[in-house]
Each structure stands twice: as C-alpha cells, then as structure tokens.
Amino acid sequence: MEVTGQLKLKYDTQKVSDKFQKRDFVLATDLSTPYPQFVSFQVTQDKCTMLDSFNQGDEIKVQFNLRGREWNGPQGIKYFNTLEAWRIEKVSAGQSAPAQSNTGMQENTAAPVFNSSISDNDDLPF
C-alpha cells in the first residue's frame, strides 16, 4: 500500500533491545480538507536511517505494509496495528500525488483504491 502526504514529525531511533531498533514518524494527509489526518508509521532495523534525508514539511510518498498482532494481557485480549514503512520517496515539485493529478482533488489516503470491473479480462490469479 502507499500514501502521499506531508512529513509532520519524525522521532529519534529507539533501541528496543540489542538486536532490534525502531523509529516512528507521522504523515499528514488530507490537509486541504477541514479534517486532516495524522497517520503514524514505523520503520525498523536498517530502515531507520531512511528518514534522515527528509525534513519536516517535505511532501513524501510512503509505501508500507499493514501489520497486526494479538496480545493477551491481564485485562483481556487486545489488538494492535502497525503501519510498517519499507520505502519513502520525496515527491518533487513537478510531480503530484495520483489523486491530485489534473483534477484538483484531495491527496491519497491510507485506504487503497482498486479500479477494476467485471469486464476486465485478466485471468491471472494474482
């Protein structure tokens, strides 16, 4: 999945253990609407340095995986989600987000858009 937005915050790398480190950042989307969205992402291990070349306010495109886990604690079962980024690219001034191109519509959100119809003759199983 991918989403385009403005880099709102980037946090320092946290060393969780000797073998694991993570870094969080926040992407602001839908800024032209009355209800902007602030989405938290995470990078891990050697990908923590990917954020070093970006500054707050930069327009970036983030490609990510949606991860979820179950935790059985003293107060019962809880579920947690993580948006794990694996590629970050700066959107250049001449390049716009796909949802903005030539239409002036709002930028991409975290929800993927599938443009397919029953008349598509694609017989591939994936």
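As shown above, the structure is provided for reference.
A few points on the structure. Each chain has its residues counted from 1, running along the sequence as written. Residue-level local features of this predicted model are given only where pLDDT is at least 70; pairs of side-chain atoms are given and counted only at 80 or more, and the full residue set underlies all totals for whole chains, interfaces and linings. Working from all heavy atoms in the structure, the side-chain values ignore hydrogens and water.

For the rest of this paragraph, the subject is the packing of aromatic side chains. Each aromatic pair joins two rings of Phe, Tyr and Trp (for Trp, the six-membered one) with centres within 6.5 Å, and gets the label stacked for planes under 30 degrees apart, edge-to-face for over 60, and tilted for any other angle. The full count for this structure, using the stated rule, is two aromatic pairs. Pairing F25 with F41 gives two aromatic rings, centres 5.4 Å apart and planes at 15°, and the pair type is stacked. Residue F25 is found in strand β3 (residues 20-29), and its partner F41 is found in strand β4 (residues 37-44); the two are separated by 16 residues along the sequence. To sort residues, take the accessible area from a 1.4 Å probe on protein chains only and compare it with the maximum for the residue type: under 20% means buried, over 50% means exposed, and anything in between is partly exposed. Overall, F25 belongs to the buried group, its relative accessible area being 0%. Overall, F41 belongs to the buried group, its relative accessible area being 1%. Consider the rings of F41 and F64, whose centres lie 5.2 Å apart with planes at 70°: the pair is edge-to-face. With F41 in strand β4 and F64 in strand β5 (residues 59-73), this pair connects stretches of sequence that are 23 residues apart. Through a chain of ring-to-ring contacts, the aromatic side chains of F25, F41 and F64 assemble into a single cluster. Each helix is a run of H or I in the DSSP string that is no shorter than four residues. Each strand is a run of E no shorter than two, and both are numbered from the N terminus.

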